[in-house]
Amino acid sequence: MFAFPVVAGFAIGAVFGVVGLLSGFCLMSSLRDWWAHDDGRKIRSYALAVAVAVVGTQFIAGAGIVEIAKSLYLQPSFSAPLIFVGGLLFGLGMVLSNGCASRALVLLGKGNLRSLVVIAIIGVTAQMTLKGLLAPMRLSILQWTQTTPGVNSLPSLFGTLGLPDATARVVATLIVGVALLVFALSHRAFRRSPGQLAAGLVMGLLVIAGWLTTGWLGADEFDPIPVASLTFVSPAADTLQFIMLSTGMTLNFGIALVAGVFVGSLLTALLTGRFEFEGYTSARHTGRSMAGAALMGIGGAMAYGCSIGQGLTGVSTLALPSFVAAAGIFAGAAVAIRGLALRPVFATQ
């Protein structure tokens, strides 16, 4: 019988797959539409998701329901340079591959064979960076550059001003949440897009559901599991390893989440007539996509997350390293989308 976190992880992933396919929820396509096509609806959906995730996560943390301090995002020591460069590489990679790790999973469910290549390369290169050939380099850079600052989150930063912990959490939550909500809801076209509104709301709620699953409902003091929520780079690596070497391994929340996204997207594609096999259009297109996937795997491992894992879930904890990672992802995407460096080299035609 499957443990509750595995079942819940699969269910959360399935909802993510359904919503992701129907709405096109993806940071890369959001930024591309916003910067290249002057269409800001999807980026507002992403901002709404972050706002909902921040408010909900901080509420359950402040109420003592989930100890998000146990998550990897709020570790006392971290390397800002490593995390930023990792985010930068991930941002570049998601543009070159035309989608982030979560988007690749969603598109795989609708028959996009390019996404199968992308997910496989992300899994391999992430595992190489976390535990394989590139791990010594990553660990060396981490040791050289990591620091243990007195604060590691926005609430703790406000706490240095003399605010009580609860007040500091509320103030930080209001500042970030209100800013994101104003950005999202001040856009008339977004307010008139019920699908994008619903997608942002649901994705934010899924982050909260992930925290509740691993940190409260599925918590077991005799068999503790990491406190985590939505993220896809490390789980993609774990899923690939589980598929190849399942003997001696156990299913966990992350692997179930990945499987759920694929199944949710697949069923939605079949039921709506969207399933169609797709492949690469040229050798250059293939090379660009593979290079992007490798950058996402390496960068995601260095940054401890992806556009969902850090940009959505990590930011929901208000951890300072997550803001650093998100800044790197946005910077990398800006360089690639605006064609300042890599696009002329990896042009598809």
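A brief report on the enclosed structure follows.

Reading guide: rules and limits
- Residues numbered from 1 in each chain as written.
- Predicted model: local features only at pLDDT ≥ 70, side-chain atom pairs only at ≥ 80, totals over all residues.
- Heavy atoms only, no water.
- Buried < 20%, exposed > 50% of the residue type's maximum accessible area, 1.4 Å probe, protein only.
- Helix = DSSP H or I, 4+ residues; strand = E, 2+ residues; numbered from the N terminus.
- Contact = heavy atoms within 4.5 Å.
- Core = buried A, V, L, I, M, F, W, Y, C linked by side-chain atoms within 4.5 Å.
- Patch = residues over 30% accessible without salt bridge, like charges linked within 9 Å, V, L, I, M, F, W, Y side chains within 5 Å.
- Areas by Shrake-Rupley, 256 points an atom, 1.4 Å probe, with all protein chains shown as cover.
- Salt bridge = Lys/Arg side-chain N within 4 Å of Asp/Glu carboxyl O.
- 1 Å grid on protein atoms, 1.4 Å probe; cavity = no way out; pocket = protein on both sides within 12 Å on 5 of 7 lines; lining within 4 Å.
- Points joined across faces, edges and corners; volume = space filled by probe spheres on them.
- Nonpolar A, V, L, I, M, F, W, Y, C, P; charged D, E, K, R; others polar.
- Phe/Tyr/Trp six-rings, centres within 6.5 Å; stacked < 30°, edge-to-face > 60°.
- Lys NZ or Arg CZ within 6 Å of the ring centre and 35° of its normal.

In this section: helix α15 (residues 309-316). A large share of α15 lies buried, amounting to eight of its eight residues. Every buried residue belonging to α15 is among Gly309, Gln310, Gly311, Leu312, Thr313, Gly314, Val315 and Ser316, and all of these are buried. Where α15 is buried, its residues meet α3 (41-62), α11 (194-217), α14 (283-303) and α16 (320-337). One or two steps after α15, the chain reaches Leu318, where phi turns positive at roughly 60°.

Most often, soluble globular proteins keep nonpolar side chains buried together rather than apart. Of all hydrophobic cores here, the largest spans 76 residues; its most connected members are Phe16, Met94 and Phe232. The biggest single contributor to this core is α3, with 11 residues. Sequence-distant contacts of Met94, that is, excluding residues within four places in its chain, are made with Leu27, Met28, Leu31, Gly99, Cys100, Met296, Ser307, Ile329 and Ala333.

Residues Leu113, Leu116, Leu267, Leu270, Leu271, Phe275 and Phe277 make up a contiguous nonpolar surface patch of roughly 740 Å² in combined accessible area. For the nonpolar patch, the secondary structure elements donating two or more residues are α6 (113-131) and α13 (253-272). By relative accessible area, Phe275 is classed as partly exposed at 30%.

The calculated volume of the largest pocket comes to roughly 1100 Å³. The wall of the largest pocket is formed by 42 residues, among which Leu72, Pro226, Ala228, Ser234 and Asp238 lie closest to the centre. Breaking the lining of the largest pocket down by element, the ones donating at least two residues are α1 (4-23), α6, α12 (233-244), α13 and α14. Per element, the largest residue contribution to the lining of the largest pocket is four residues, and it comes from α12. Split by residue class, the lining of the largest pocket holds 22 nonpolar, 16 polar and four charged.

All told, the structure shown has six aromatic pairs when counted by the stated rule. Between Phe25 and Tyr46, the aromatic rings sit 5.8 Å apart at their centres with planes inclined by 20°, giving stacked as the arrangement. Here Phe25 is found in the loop between α1 and α2 (27-37), whereas its partner Tyr46 is found in helix α3, with 21 residues between them in sequence. For the pair formed by Phe25 and Tyr46, the shared burial category is buried. Aromatic side chains Trp34 and Trp35 sit 6.1 Å apart centroid to centroid with 20° between the ring planes, which places their arrangement in the stacked category. Note on Trp34: relative accessible area 29%, which makes it partly exposed. Accessibility expressed as a relative area gives 25% for Trp35, which makes it partly exposed. Taken together through their ring pairs, the aromatic side chains of Trp34, Trp35 and Phe183 make up a single cluster. Just above the ring of Phe183 sits the side chain of Arg44; from NZ or CZ to the centre is 4.2 Å.

To continue, consider the side chain of Thr317. Note on placement: Thr317 falls in the loop between α15 and α16. Sequence-distant contacts of Thr317, defined by excluding residues within four places in its chain, comprise Thr57, Gln58, Ile68, Ser71, Tyr73, Leu74, Trp211 and Ser322.

Nothing here speaks to function; it is geometry throughout.
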